Amino acid sequence: MNVEELVRDSLREQATEQPSLEPGFADRVLTARRRRRTRALASVAAATAAVVAVAVAVPLLDSGKDDVRLASEMNTSDIIAHPDQTPPRDLIAAGNTALASYYTWNTVKQTDDRGVAVRTYWLLDQKTGKYVKTTKWSFIAVAPGMRTAAVLEKNLPAKRIGLLDLLTGKVERWIPVDRGVAGVEFSPDGSKLVATTYSKNPDLRYKADYDSDGDGKKNDWMPQFGQSSRTGFYVIDMDSGKGSWSKVTYNSNDLNVRQDFDFSHDGKLVYSGLTSDPHMQYYDFEGNEVAKPANEEYVHWFDDAGLSPDGTFVAGGYAGNNKVSASSLLDPSTGKQITKVRGQQLLAWVDNKRLIAWDITPGSNEFHNRLVLVTIGSDKVVPLSGFRKGNDGAAGRWTPIFAER
């Protein structure tokens, strides 16, 4: 099955906001989850067991990436886990990587044949260490350091970007834009923001004229595949709030309806995922197409974790079976599999040897998964969250957002 067939099949599944095909593929392709790779600032001590406790790091100034941190409760453990919670209520973290937020999807009907897929977010409260529901924002990206979040108001595309103080819960600054923005992501060092522009809301859904999910009813909401309204991107300097817009055109058949830009591993370029070969297109900050960086030749936008902090491994796809859950780790220079690591889907690097992943019980429902910590060269799995249900649909299948703390 080629990529185009995978995308078409996964689009049918999105009508119920329920992924299909290879584990997690539809979530990666269609719910606009951008790869949130984390880069650890320093090595951290290995822990042998999860600590079920509340502890939260609270940065003090600016982006918070290098700030001294306070904590509502002191906890020196490398791992903070809550394997009894799904969705999580209390902070989940491993090393310098934390679950900064998560969201669920729900399709809100606008007319008889049109709706919009709406995210409901839960943001980490920096004072209590608990995730708090917010319906105020349509899109949220959390900066490294977890001191600031970029937020977009409810009606997309938005004409301004808010910088939300995650300690006070207040917007410190609004950045106005001339062209409507529907997606934002921070650079790895938190100094820049890439904002993807669209001429209309990329989360619109339309009533399908066929039964896409096999329930015998024509009641499914679908994006209009091949109808991307993406126009380009801004790269915005966080200190000054200034940036320039670049027009980027691409064949809509090679884009999902929502196809946001993100930064390269070193933050010097931006890229767009594609639904067909070459799967990734990189650009300089002026919008000119450039070649892939050598160490990202085999990085794919739908494999969330991406390149390891030291550049030794590229996170690949699922490589397990009915008896063993596993994912590939690739050689960045050749694309060949170096080894496998436990886990159904690799989400974020904790350090050069450990990752946070979705994982399942082999042989069970592939959507009945939980967050775990996995280690290269070890079969040990440390549960971080409880299991998502296998049939909970858009209202319950929460999607994690990780950030460096």
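The present account deals with the structure reproduced in this document.

Conventions used here
- Residues numbered from 1 in each chain as written.
- Predicted model: local features only at pLDDT ≥ 70, side-chain atom pairs only at ≥ 80, totals over all residues.
- Heavy atoms only, no water.
- Helix = DSSP H or I, 4+ residues; strand = E, 2+ residues; numbered from the N terminus.
- Buried < 20%, exposed > 50% of the residue type's maximum accessible area, 1.4 Å probe, protein only.
- Contact = heavy atoms within 4.5 Å.
- Areas by Shrake-Rupley, 256 points an atom, 1.4 Å probe, with all protein chains shown as cover.
- Core = buried A, V, L, I, M, F, W, Y, C linked by side-chain atoms within 4.5 Å.
- Domains from an automatic or database assignment.
- Pairing = 2+ DSSP bridges.
- Axes fitted to C-alpha atoms, helices over the stretch in contact; angles between N-to-C directions.

**Brief notes about the overall build of the protein**
Helices and strands together make up the secondary structure of the protein, namely 3 helices and 28 strands. Of all 405 residues assigned to the protein, the portion counted as buried reaches 57%. Restricting to contacts in the protein with at least 6 residues of sequence separation, those with at least 24 account for 54%. On the protein, roughly 16,100 Å² of surface is accessible, and the fraction owed to carbon and sulfur atoms is 48%.

**Side note on the nonpolar core**
If you look at the biggest cluster of nonpolar residues, it comprises 61 residues, and the most contacted ones within it are Val142, Ile161 and Val184. The residue makeup of this core includes at least three contributed by each of domain 1 (70-103 + 305-404) and domain 2 (136-293). Excluding anything up to four places from it in sequence, valine 184 contacts Phe139, Ala141, Ala150, Leu152, Ile161, Leu193, Val194 and Ala195. Grouped together as the second largest cluster of nonpolar side chains are 12 residues, Ala315, Leu329, Trp349 and Ala357 included.

**What to know about the sheet that holds strand β24 (residues 345-349)**
Pairing within the open sheet is antiparallel, and its 4 strands lie in the order β24-β25-β26-β27. Sheet topology places β24 and β27 (381-383) at the edges, where each strand pairs with a single neighbour. The average angle at which neighbouring strand axes cross in this sheet is 35 degrees, direction not considered. The pairing of β24 with strand β25 (residues 354-359) spans 4 bridges and is classified as antiparallel.

**Description of the sheet that holds strand β23 (residues 337-342)**
Taken in spatial order, the 3 strands line up as β21-β22-β23 in an open sheet, and their pairing is antiparallel. Looking at which strands have only one partner, the edges of the open sheet turn out to be β21 (314-318) and β23. Taken pair by pair, the neighbouring strands of this sheet meet at an average axis angle of 35 degrees, ignoring direction. In this sheet, strand β22 (residues 326-330) lies alongside β21 in antiparallel orientation, the contact comprising 3 bridges. Bridge assignment links valine 314 to a residue of β22, and that residue is leucine 330.

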